[in-house]
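Listed here are the chains, written in short residue letters.
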Amino acid sequence: MSRVLVVGGNRGIGLAMVKQLSARGEEVIAACRRSSKELSALDVEVIEGVDVRGEQGARKLSEGIGDRDLDLVVVVAGILKNVSLEALDYDAMREQFEVNALGPLRVAEAVMHRLGVGSKLALISSRMGSLEDNTSGGHYGYRMSKAALNMAGRSLAHDLERRGVTVLLLHPGFVRTEMTGHQGLIETDESAAGLIARIDALGLEDTGTFWHANGERLAF
Ligand SMILES: NC(=O)c1ccc[n+]([C@@H]2O[C@H](COP(=O)([O-])OP(=O)(O)OC[C@H]3O[C@@H](n4cnc5c(N)ncnc54)[C@H](OP(=O)(O)O)[C@@H]3O)[C@@H](O)[C@H]2O)c1
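Right, let's walk through the structure included here. (Residues numbered from 1 in each chain as written. Predicted model: local features only at pLDDT ≥ 70, side-chain atom pairs only at ≥ 80, totals over all residues. Heavy atoms only, no water.)

A few words now on the nonpolar core. Ranked by internal contacts, the top residues of the largest apolar core, which has 31 residues, are Leu5, Val7, Leu61, Leu70, Val73, Leu121 and Leu123. Every element with two or more residues in this core is listed here: strand S1 (3-7), strand S2 (27-31), helix H3 (55-65), strand S4 (70-75), helix H4 (90-111), strand S5 (115-124), helix H5 (140-161) and strand S6 (166-171). Take this core: its biggest share by element is five residues, from H4. In terms of nonpolar packing, the next biggest core, distinct from the first, is built from 29 residues, Ile13, Val28, Leu195 and Leu202 among them. (Core = buried A, V, L, I, M, F, W, Y, C linked by side-chain atoms within 4.5 Å. Buried < 20%, exposed > 50% of the residue type's maximum accessible area, 1.4 Å probe, protein only. Helix = DSSP H or I, 4+ residues; strand = E, 2+ residues; numbered from the N terminus.)

Taking 1.5 Å of rise per residue, 22 residues should cover 32 Å, and H5 covers 31 Å from first to last C-alpha, within 8% of that figure. All of the buried residues in H5 are Gly141, Tyr142, Arg143, Ser145, Lys146, Leu149, Asn150, Ala152, Gly153, Leu156, Ala157 and Leu160. In this fold, the buried residues of H5 make contact with H4, S5, S6 and strand S7 (209-212). (Expected span 1.5 Å × (residues − 1). Contact = heavy atoms within 4.5 Å.)

Here we come to the packing of aromatic side chains. The description of two aromatic rings rests on the distance between their centres and on the angle between their planes. By the definition in use, this model includes one aromatic pair. On the basis of an interplanar angle of 20° and a centroid distance of 5.4 Å, the ring pair of Phe210 and Phe220 is categorised as stacked. Taken as a pair, Phe210 in strand S7 and Phe220 in the segment after S7 lie far apart in primary sequence, 10 residues in all. The partly exposed category is assigned to Phe220, whose relative accessible area is 31%. (Phe/Tyr/Trp six-rings, centres within 6.5 Å; stacked < 30°, edge-to-face > 60°.)

Mapped onto the fold, Glu26 is located in the loop between helix H1 (12-23) and S2. Residue Glu26 is classed as buried on the basis of its relative accessible area, which comes to 13%. Taking the C-alpha atoms as reference, Glu26 lies 10.0 Å from Asp71; in sequence the two are 45 residues apart. With sequence-adjacent residues up to four places away left out, Glu26 is seen in contact with Met1, Ser2, Val4 and Leu21. There is a polar contact of 2.8 Å between the side chain of Glu26 and the side chain of Ser2. Within the local environment of Glu26, its side chain forms a polar contact with the side chain of Arg24, the two groups lying 2.7 Å apart. (Polar contact = N/O pair within 3.5 Å; in protein donor to acceptor, adjacent residues only side chain to side chain.)

What follows is the structure, encoded as structure tokens:
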């Protein structure tokens, strides 16, 4: 059994990952701003008050973890706000940077001293943050913030490699959640199963790489 922290485990893809990891016997700690009925019904530890936008959330997280080592940290928390060229909303773009790019880095900073040889840090990004994959434009803040997350993940991969920590950037697929207005190609269960399979399969030799939950390697 390993100890797993899922940040953003109260709903959507994060909740599905918490359920599946817990069902297979991992010791799961779910961090979130506020728990949900579904999360509270599970037999997992919940750390509330973890807003990834600020110092206070990071403090709550590191206090909640205490001196326990972590085998896996998954950062799922993210937001999507549609910002088009016709209506460039800089506050909405800034907000997406705070949550999607700086948030996961803040989480990494708060828990990195609890990660050691063999531990993994999985950052849920999006292929919308891939420069190579951007064939349709738009979505300014979201695409930019996930591209920045990808870069943060790549730097973390280099910086944590000497400690034996694997850092992975993962795209969950197009998933029916609140974020997508319940549009999408797959359900959260399928996405979570694919993400967990990637995390299981990939190791230090893959650190800093970007993968689709379906097993396809993605270009940055
Ligand atoms: N769904 C897709 O098709 C898709 C595709 C590509 C990538 N992704 C990525 O997958 C991840 C999960 O998305 P989802 O589809 O499951 O979305 P979702 O159902 O909207 O869930 C978003 C999660 O992020 C949390 N969150 C948002 N802002 C936060 C903050 N400031 N601090 C802490 N937690 C915060 C939410 O918690 P609250 O309840 O507190 O808001 C919730 O747990 C995101 O990073 C998203 O960008 C999703």
